[in-house]
Protein chains: 2
Amino acid sequence: MTEQPQRRTTRQRTAIREFLSGAGDFRTAQQIHEQLRAGGDPIGLATVYRTLQTMAEAGDVDMVRTADGESAYRRCTTSGHHHHLVCRSCGRTEEIMAKVVEAWAATIAAEHGFTNVTHDVELYGLCASCGARTVT
Amino acid sequence: MTEQPQRRTTRQRTAIREFLSGAGDFRTAQQIHEQLRAGGDPIGLATVYRTLQTMAEAGDVDMVRTADGESAYRRCTTSGHHHHLVCRSCGRTEEIMAKVVEAWAATIAAEHGFTNVTHDVELYGLCASCGARTVT
DNA sequence: GTCTTCATGAGAATGATTATCGATCACAAT
DNA sequence: ATTGTGATCGATAATCATTCTCATGAAGAC
């Protein structure tokens, strides 16, 4: 049904994949583009967007929206459904599994007669090191 | 510290507030602007954005991001912190309180050494009537 | 090597949101 | 009712992330 067009292995796609693997946390398309170029890897911005989108659909990367509405991508170490705890200051990210939340979501949905329910759950905070640095 | 400038009651602000009260579910700034004008209420787009932002900060309205990154606003009936269960098809929205989630978030945060934690939790699904209409 | 087709990328286009800044209006005091 | 003052408005220009266009380049099949 979903006819997947063939995926080719190009220098650019490899570069993006490796960059994300090395990064660990979330990066925006703009950042990836800029940093790849700075690192001597000529690549077009459009390509970065296209590739990230494709990877996100394929489940190779995770996507979240930053507070100002930009999309940020990250290589998933955990496959399957999970959530994130992101440091508001340095961007460090922890992947989280939460059976509690899944269960809760399912219950609530049922209570209200909703079906086919998905959810977005993201936690934002200050990680240990950033928190220590910031004197409130 | 946070010196709030005085808030004046203008025709435009009233119009927006009333529009949202009547709407019930989420509307984007663009929609609000367009519909208010269509309804014979001259108002500037900039004003709509400014007002919505102010109202959101004051907690008078709720803000969520749509899938394509637009901001949508809604008059809150529940004051204080809460989440939403939004119908993917018709936009109907239920407000939800979830102590479980709050507690879970706090726990996770602590476990990972994060402080100052906030969270975004939104559920999307098909409401009873839309679900019935959609034959999978 | 050749061919077919997908991928690339520079730049233009889109579209939401924000900034600008003089004109206007709300409102407290006269 | 009039006035003074600063908040507010709004048309429009400016931003900025993201998407589109389409001619050129490269992958993979044979």
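Because the structure is a prediction, the values reported are computed rather than measured. (Residues numbered from 1 in each chain as written. Chains lettered and ligands numbered in written order. Predicted model: local features only at pLDDT ≥ 70, side-chain atom pairs only at ≥ 80, totals over all residues. Heavy atoms only, no water.)

Let's shift gears to the protein's contact with DNA strand C. Near DNA strand C, the surroundings consist of 22 residues, among which A:Thr10, A:Gln12, A:Thr47, B:Tyr49 and B:Ser71 are the closest. Backbone atoms, meaning sugar and phosphate, form 70% of the atoms of DNA strand C found within 4 Å of the protein. With respect to DNA strand C, the side chain of A:Arg37 contributes an N or O atom lying 2.9 Å from a phosphate oxygen. Contact distances for DNA strand C include 3.0 Å between a phosphate oxygen and a side-chain N or O atom of B:Gln53. Of all the secondary structure elements, the ones that give two or more residues to the surface near DNA strand C are helix H1 (11-23) and helix H3 (45-58) of chain A together with helix H3 (45-58) of chain B. Looking at the surface near DNA strand C element by element, the count peaks at four residues for H3(B). Within the surface near DNA strand C, the residues separate by chemical class into six nonpolar, nine polar and seven charged. (Near = heavy atom within 4 Å. Polar contact = N/O pair within 3.5 Å; in protein donor to acceptor, adjacent residues only side chain to side chain. Helix = DSSP H or I, 4+ residues; strand = E, 2+ residues; numbered from the N terminus. Nonpolar A, V, L, I, M, F, W, Y, C, P; charged D, E, K, R; others polar.)

On to the domain arrangement of chain A, then. All names here are of chain A. Here chain A is partitioned into domain 1 (1-75) and domain 2 (79-136). If you average the C-alpha positions of domain 1 and of domain 2, the two centres end up 22 Å apart. Every contact between the two is made by seven residues of domain 1 and, on the other side, ten residues of domain 2. Viewed at the interface, domain 2 and domain 1 are joined by one salt bridge. Residues Glu95 and Arg74 are paired through a salt bridge, measuring 2.5 Å at the closest nitrogen-oxygen approach. Mapped by element, the contributors of at least two residues to the side of domain 1 that touches domain 2 are strand E2 (61-65) and strand E3 (71-75). (Domains from an automatic or database assignment. Contact = heavy atoms within 4.5 Å. Salt bridge = Lys/Arg side-chain N within 4 Å of Asp/Glu carboxyl O.)

So, on to the nonpolar core. If you look at the biggest cluster of nonpolar residues, it comprises 30 residues, and the most contacted ones within it are A:Ile96, A:Trp104, A:Leu123, B:Ile96, B:Trp104 and B:Leu123. When residues of this core are traced back to their parent elements, those giving at least two are strand E4 (83-87), helix H4 (99-111) and strand E6 (115-126) of chain A together with strand E4 (83-87), helix H4 (99-111) and strand E6 (115-126) of chain B. Filtering out sequence-adjacent residues up to four positions away, A:Trp104 remains in contact with B:Ile96, B:Ala98, B:Val100, B:Val101, B:Val121 and B:Leu123. (Core = buried A, V, L, I, M, F, W, Y, C linked by side-chain atoms within 4.5 Å. Buried < 20%, exposed > 50% of the residue type's maximum accessible area, 1.4 Å probe, protein only.)

This brings us to the packing of aromatic side chains. Scanning all chains against the criterion turns up zero aromatic pairs over all chains. Residue placement shows A:Arg74 over the ring face of A:Phe26; its charged tip is 5.9 Å from the ring centre. (Phe/Tyr/Trp six-rings, centres within 6.5 Å; stacked < 30°, edge-to-face > 60°. Lys NZ or Arg CZ within 6 Å of the ring centre and 35° of its normal.)

The subject of this paragraph is the layout of surface pockets. Over the atoms rolls a probe the size of a water molecule, and its path tells where empty space is left. Residues and elements named next belong to chain A. Approximately 300 Å³ is the volume found for the second largest pocket. Lining the second largest pocket we find 15 residues, and of these Arg7, Arg8, Arg13, Arg17 and Thr51 sit closest to its centre. Going through the elements one at a time, H1 and H3 are the ones with two or more residues in the lining of the second largest pocket. Considering each element in turn, the lining of the second largest pocket owes the most residues, six residues, to H3. (1 Å grid on protein atoms, 1.4 Å probe; cavity = no way out; pocket = protein on both sides within 12 Å on 5 of 7 lines; lining within 4 Å. Points joined across faces, edges and corners; volume = space filled by probe spheres on them.)

Right, let's get into the environment of B:Gly22. Residues and elements named next belong to chain B. Looking at the secondary structure, you find Gly22 in helix H1 (residues 11-23). Classification of Gly22 by relative accessible area gives exposed; the value is 64%. The spatial distance from the C-alpha of Gly22 to the C-alpha of Ala58 is 20 Å, given a sequence separation of 36 residues.

Next up on the list: the pattern of salt bridges. According to the stated counting rule, one finds ten salt bridges over all chains in the structure shown. Two residues, A:Arg11 and A:Asp41, come together in a salt bridge whose shortest N-O distance is 3.6 Å. In this pair, A:Arg11 is assigned in helix H1 and A:Asp41 in the loop between helix H2 (29-38) and H3, connecting sequence segments 30 residues apart. Judged by relative accessible area, A:Asp41 falls into the partly exposed class, the value being 25%. Ionic pairing is found between B:Glu94 and B:Arg92, a salt bridge with its closest N-O pair at 2.9 Å.

Take the sheet that holds E3(A) next. All names here are of chain A. In space, the three strands of this open sheet follow the order E1-E3-E2, with antiparallel pairing throughout. The open sheet terminates on both sides in strands that have one partner only, identified here as strand E1 (27-28) and E2. Pairing of E1 with E3, which is carried by two bridges, proceeds in the antiparallel orientation. For Thr28, the partnering residue across the bridge sits in E3 and is Ala72. (Pairing = 2+ DSSP bridges.)

With that settled, the discussion passes to the relation of the copies chain B and chain A. Each copy of the sequence occupies a distinct position, and chain B is placed on chain A by a rotation of 180° and an axial shift of 0.0 Å, giving an RMSD of 0.5 Å. When the rotation and shift are considered jointly, the pair of chain copies conforms to a two-fold rotation axis. The rotation axis passes nearest to the C-alpha of B:Val121 in chain B, at a distance of 2.3 Å. When the interface residues of chain B are mapped onto chain A, 100% of them are again interface residues, pointing to one common binding face. (Least-squares fit on C-alpha atoms with pLDDT ≥ 70 in both.)

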